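For reference, the chains in residue letters:
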Amino acid sequence: MMPTYLSKSNFMHWLIHPAYLWLEKHEKKRLPPITQADEFMFSKGHDFEAEARKLFPEGKLVDAKPWEFAQLKAQTVALMEAREETIFQATAFTERGLLVKSDILKRRGEVWDLYEVKSSTRVKDDHLTDLAFQAVTWAEAGITIEEVYVLYVDREYARGEKLEPERLVRQECVSEAVMARIPGVERQIPAALATLERNSCPDLDPSHAGNLGVWLPLYFHLNPELAADHPLRLAQLKPEDLARLQQLGVESLTEIERYDGFNARQQSQIKAWQMESSINHSEIANFLNKLEFPLWFLDYETISHAVPLYPGTKPYQDVPFQYSLHKLDSPTAELKHFEYLSTSTEFPVPKLLEQLQQDLDGLGSILVWYQNFEKGMNARMGEFCPEYSEWLAAVNGRIRDLMIPFSSGWYVDKRFVGSASIKNVLPVLAPKLSYKTLNVQDGGSAQAVWYDAVFNDRGSAKTYDNLLQYCALDTLAMVEIYNFLIRLSRDDERPATGQLEQAQLF
């Protein structure tokens, strides 16, 4: 049987919650499956690491299957004994069960410098803990680490015709901070190793979490029966909020009597559960009365990457590759639909704008959901294509945010679970429309599917149709929500307050 090792990623998961580590090692099927959006995120990291390695042209790669520990270690030892200058994915494991695979080791005489490659745009606190674990493991394996560095993304780098790794990759020495963290990591390792040896899963209680924000979505996945009004469902829950709720001893948001100490979004969510819904008809009517026909409903889908895909773009800079546009000429007119989807590796913005200017060919209010995003995309496209900048500025002047009635608290419903996201509002106000029937169900997946289709040459008519359906539903959802608000302002309509299925809510 293959021995069980504690790797750096295992240790970082233990810090999030001990149960996370145990489940990962013993009952992985209980954890959420890896999605296409997750895989795309991982690929961004791999692509950036490939660029970072170019800064070490003499580097030698330890190359075996991830689970072939003996081969990985043997290759590492052979490269070290051959006095190689730089080793990628150097691997060691120790007698007590620690496993390390380091991104880059660079020789300095008889000691080594350690480099960790991160596709983030800054050095983060957990990077230091990760590196401290690696340093501890290498020391146990008889290797001395001298200096420690993080290689990360320079967000201000603007790509030219060719990528320049020396400008894309930033380097920061973190030796002092990592060495200061080593004693604490050494004290924690025995408890993490003991968790691996347990016969049963540790208590899932979120109060045991080291990172509540990461653990809670996993906790909800592991406890799908958890009631929608459970205190743990409180939006933006922080450790201090959790402690306050436990002190109150409440089992439902409806039982909370005092709101002080909770933020505005949490207070709104608590009040909604206690009064079912809250509707400010006059503010909603005032918002709707300011809209001018024809009405346009606009949504973009964008691509971003750690390694800029196009000349003139920066790391993690969103670039639109698709839009959906619905048009309502009058309250009684037939709804019209326009759309565009790039299917080429060439920079998508010029052709997208050429088509959008033809489709968006009149006056009237342009409705979006979360205007900062669409306005930001328009401003950025104006920088990419200055010949459209004046027209895009005029478009931005006509944009109205359909999220405002919900984000401003004019319409609050307990079933929004404290969120003004269209994914939460739509199932309540227009339950016949659902993203769950689509093959692409969210923006992260859309980005992953499009990248795979275009840049990995895996596109098909069905793939592109799935993308068109998803983006079209985003704007059709806005149309339906707008229509609901119109009926509400005229007829004092309220949605049914019956319990929705959990699948609709989350």
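The structure presented is a predicted model; accordingly, all values stated were derived computationally and were not measured.

Some thoughts on the nonpolar core
One finds Phe406, Tyr411, Ile481, Tyr482 and Leu485 to be the most contacted residues of the largest nonpolar core, which totals 74 residues. A per-element tally of this core places helix α18 (residues 461-491) first, with 13 residues. Leaving out residues up to four positions away in the same chain, Ile481 has contacts with Trp369, Leu402, Phe406, Ile422, Val425, Leu426 and Leu429. Counting 42 residues, the second largest nonpolar core, distinct from the first, contains Trp14, Phe93, Tyr152 and Ile182.

Examining the packing of helix α3 (residues 36-53) against helix α17 (residues 443-455)
At a closest axis distance of 8 Å, the pairing of α3 and α17 adopts a crossing angle of 60 degrees. Between α3 and α17, the crossing angle belongs to the class labelled oblique. Handedness of the crossing formed by α3 with α17: left-handed. Here Gln36, Ala37, Phe40, Lys44 and Asp47 of α3 lie close against α17, whose contacting residues are Gly444, Ser445, Gln447, Ala448, Val449, Tyr451 and Asp452.

Quick word on empty space enclosed by the protein
Overall, the coordinates contain 1 cavity of 30 Å³ or more when judged by the stated rule. Of the pockets and cavities examined, the largest cavity occupies roughly 50 Å³. Taken together, Ile303, Ser304, His305, Val307, Pro308, Leu309, Tyr310, Thr313, Lys314, Gln317 and Val319 make up the lining of the largest cavity.

Section: the pairing of strand β4 (residues 111-117)
The element β4 is largely enclosed, with a buried count of 7 among its 7 residues. Strand direction decides the pairing type here: strand β3 (residues 99-108) and β4, joined by 5 bridges, are antiparallel. Bridge pairing links Arg107 to Trp112 in β4. Counting the residues between successive antiparallel strands, the hairpin from β3 to β4 contains 2 residues, one of them, Gly109, with a positive phi of roughly 70 degrees. With 5 bridges joining them, β4 and strand β5 (residues 145-153) adopt parallel strand pairing. Counted as the bridge partner of Tyr115 is Tyr149 from β5.

A closer look at the layout of surface pockets
Here the second largest pocket defines a volume of roughly 430 Å³. Around the second largest pocket, the lining is made up of 19 residues, and of these Asp299, Tyr300, Trp369, Phe373 and Glu374 lie nearest the centre. Here the element with the most residues in the lining of the second largest pocket is strand β8 (residues 295-303); it accounts for 4 residues. Grouping the amino acids of the lining of the second largest pocket by side-chain chemistry returns 8 nonpolar, 5 polar and 6 charged.

Conventions used here
Residues numbered from 1 in each chain as written. Predicted model: local features only at pLDDT ≥ 70, side-chain atom pairs only at ≥ 80, totals over all residues. Heavy atoms only, no water. Core = buried A, V, L, I, M, F, W, Y, C linked by side-chain atoms within 4.5 Å. Buried < 20%, exposed > 50% of the residue type's maximum accessible area, 1.4 Å probe, protein only. Helix = DSSP H or I, 4+ residues; strand = E, 2+ residues; numbered from the N terminus. Contact = heavy atoms within 4.5 Å. Axes fitted to C-alpha atoms, helices over the stretch in contact; angles between N-to-C directions. Parallel < 35°, antiparallel > 145°, perpendicular 65-115°, else oblique. Left-handed = near helix turned anticlockwise from the far one by under 90°. 1 Å grid on protein atoms, 1.4 Å probe; cavity = no way out; pocket = protein on both sides within 12 Å on 5 of 7 lines; lining within 4 Å. Points joined across faces, edges and corners; volume = space filled by probe spheres on them. Pairing = 2+ DSSP bridges. Nonpolar A, V, L, I, M, F, W, Y, C, P; charged D, E, K, R; others polar.

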